[in-house]
Amino acid sequence: MLKLNLSRRFVRVWQRNLTVYRKSWKISFIPPFLEPFFYLAAFGVGLSGLVGSVRFQGSEISYVQFIAPGLIGMSIMYNAFFETTYASFVRMYYQKTFDAIMATPLSLEEVITGEIIWGATKSLIAATIMLGVISFFGLLRYPSCLLILPLALVGGIAFASIGMFFTGIVVNIEMFNLPVFLFVTPMFLFSGIFFPLENLPPWAQHAALVFPLTHLTILTRSFSVGGHESSLLWSVVYLVFFSLVFFLLALRQMNRRLIK
Amino acid sequence: MTETYSNHRFPCVVEAENLTKRFNHFTAVNGISFKILPGECFGILGPNGAGKTTTIRMVYGFSPMTDGTLKVFGLDIRRDWRRIKAAIGVCQQENSLDPDLTVLQNLEVFARYFDIPGKVARERANELLAFFALEHRQEAQVSELSGGMMRRLVLARALINNPDLLILDEPTTGLDPQSRHQVWDRLEDLRKKGMSILLTTHYMEEASQLCDRLVIIDHGLILVEGKPEDLIAYHVGRDVIEINEPSQELRSFVQSQDLEYEDLGHRLMIYCEDRGDLYEKITRDFCREGCLMRMATLEDVFLKLTGRELRE
């Protein structure tokens, strides 16, 4: 059984990452700022002529309005996942940052928790920027879309945890290609960001419900377009459950990897 | 840095008894016992793979021990690891400076891990940078520093929490002679102020110069323990006569005498005390060249006890 040495000290690790982030925040701001422009231009202008409108919960909405909230969900996933995979791996393996911190009063659990919460923070920052940009196009419904911000933290913890779990098992940094190709990319394509999942055969619709991004997309879309259904609660429960399971698995895996 | 480290609040800084570490079926540390007294510089010497780093990693709470008891500042490492780690400064073997931060930020961010308030951390960081002659580089990125500067910064970082015990894992490995002497000078200063130090090294010169007491370990066991000068006197004697390419006659002569010697094939080492007469006889009768008499060193003790074959 895993014994948790976890206190508020994990905040110190989060602060360390914030200190580094603040040194280059002007550059870090650019991708989440430009990303919605690219996607909305490509899909909104380029594709929507072909697609026209989409039926969402009984009403017709434009294709741009359909994908915009999904893009926020996607960004939540990418920011957390890439932070705790590539970036954490570099800190752990190449920079020996974790080794240095573990010679101070912090425990490994606190280091890993700090990293995961930092990953979720990057998701929150990205979601905030994208929310601002997409609002500018009048594609979001206020105030319910503001619920995306706390959701970004929950979704961020889910993807940061599973990212950290992979960091605990990969042999080298190239091996992240596997979870990216086999997990992240299929989610990006089949979580209902770009087309309604109802278009898929029933078995695939069910399979897609395993993906945390499917639930994140359901929630971001409902918060920004409106139309609430009872299944939203299940999506929240699923994300929280997924986070908890992979948070504990990440701790166990990193413990096996680093405590010798 | 004006403070002195006369921490005599506990009788022993480190007290290890039957300390053991096993990795699966490999025993890296095989039940060693040692004590470090306050204000002492204690060395752990040994060839590569002897168990030095594993031992000190257990002392600073990085590796959980398999068996035995280990007390630091009188506290049990299994239970009070956080309090122990809060009062230790560690200089790890591999460079673990934060390349994403500047020199000054490395110290300030590290201070946060110890819950040191920002203002105190800034003052202390400035003092330490001055002490290690780095104050002119405080805005530099770590990657811009030379090897010697990086090592001094690691040392400065290890002192940010004003530790009661400084742990150094091969503090001068890979440094040029100038940088090495500078590190030694700083460590000597800290020692004079009463800082308790635990260090591993395979530089015998470093150990003789810095350590009050040391152990030589090999295959996870302590071979000897004592003061450097006592170990030399006891295991080797005072002088060494070294003969290169000894002739057969010389070999027979040495064998016929009641001498302590080691025959390495191409070289013969005679361990002795006050034997100027012997040296004279050897140079006169057997070899005019390739023979010298010198003071015995810790390296002689080390090689005699741990053997001369290559490790790893």
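An account of the accompanying structure is given in this report. (Residues numbered from 1 in each chain as written. Chains lettered and ligands numbered in written order. Predicted model: local features only at pLDDT ≥ 70, side-chain atom pairs only at ≥ 80, totals over all residues.)

### Re the environment of Cys12(B)
Residue and element names in this part refer to chain B.
Part 1: In this structure, Cys12 sits in the segment before strand S1 (14-23).
Part 2: With 62 residues separating them in the primary sequence, Cys12 and Gly74 have C-alpha atoms 6.8 Å apart.
Part 3: Discounting chain neighbours no more than four positions away, the residues touching Cys12 are Lys35, Ile36 and Leu37. (Helix = DSSP H or I, 4+ residues; strand = E, 2+ residues; numbered from the N terminus. Contact = placed C-beta atoms within 7 Å.)

### Topic: the environment of Ile76(A)
Part 1: Relative to the assigned elements, Ile76(A) resides in helix H4 (residues 63-94).
Part 2: Once the C-alpha coordinates of Ile76(A) and Pro32(A) are considered, the two residues, 44 residues apart in sequence, prove to be 10.0 Å apart.

### Re unusual backbone geometry
Part 1: Residue Pro143(A) is bonded to the preceding Tyr142(A) through a cis peptide linkage, with omega at 0°.
Part 2: Take Pro143(A): it is sitting in the loop between helix H6 (108-136) and helix H7 (148-169).
Part 3: Its identity as a non-glycine residue notwithstanding, Asn18(B) has a phi of 55°, on the positive side.
Part 4: Within the secondary structure, Asn18(B) is located in strand S1.
Part 5: Judged by the 13 C-beta atoms lying within 10 Å of it, Asn18(B) falls in the partly exposed class.
Part 6: Even without being a glycine, Asp115(B) presents a positive backbone phi close to 60°.
Part 7: Turning to its location among the elements, Asp115(B) is positioned in the loop between helix H3 (103-113) and helix H4 (118-131). (Buried ≥ 20, exposed ≤ 12 C-beta atoms within 10 Å, placed from the backbone.)

### Examining the interface of chain B and chain A
Part 1: Opposite the 20 residues of chain B that make contact, chain A presents 18 residues.
Part 2: Looking at the side of chain B that touches chain A, the elements that each hand over two or more residues are helix H2 (81-86) and H3 of chain B.
Part 3: In the side of chain B that touches chain A, the residues fall into 10 nonpolar, four polar and six charged. (Nonpolar A, V, L, I, M, F, W, Y, C, P; charged D, E, K, R; others polar.)

### Digging into the sheet that holds S1(B)
The strands that make up a sheet pair up through hydrogen bonds in the backbone, lying either parallel or antiparallel.
All names here are of chain B.
Part 1: As summarised here, the arrangement of the four strands in space is S2-S1-S4-S5, forming an open sheet in which the pairing is antiparallel. Whereas interior strands pair on both sides, the edge strands pair on one side only; in this sheet they are strand S2 (26-36) and strand S5 (75-76).
Part 2: Contacting S1, S2 and strand S4 (67-72), helix H1 (residues 52-59) runs over the sheet at an angle of about 120° to S1. (Pairing = 2+ DSSP bridges. Axes fitted to C-alpha atoms, helices over the stretch in contact; angles between N-to-C directions.)

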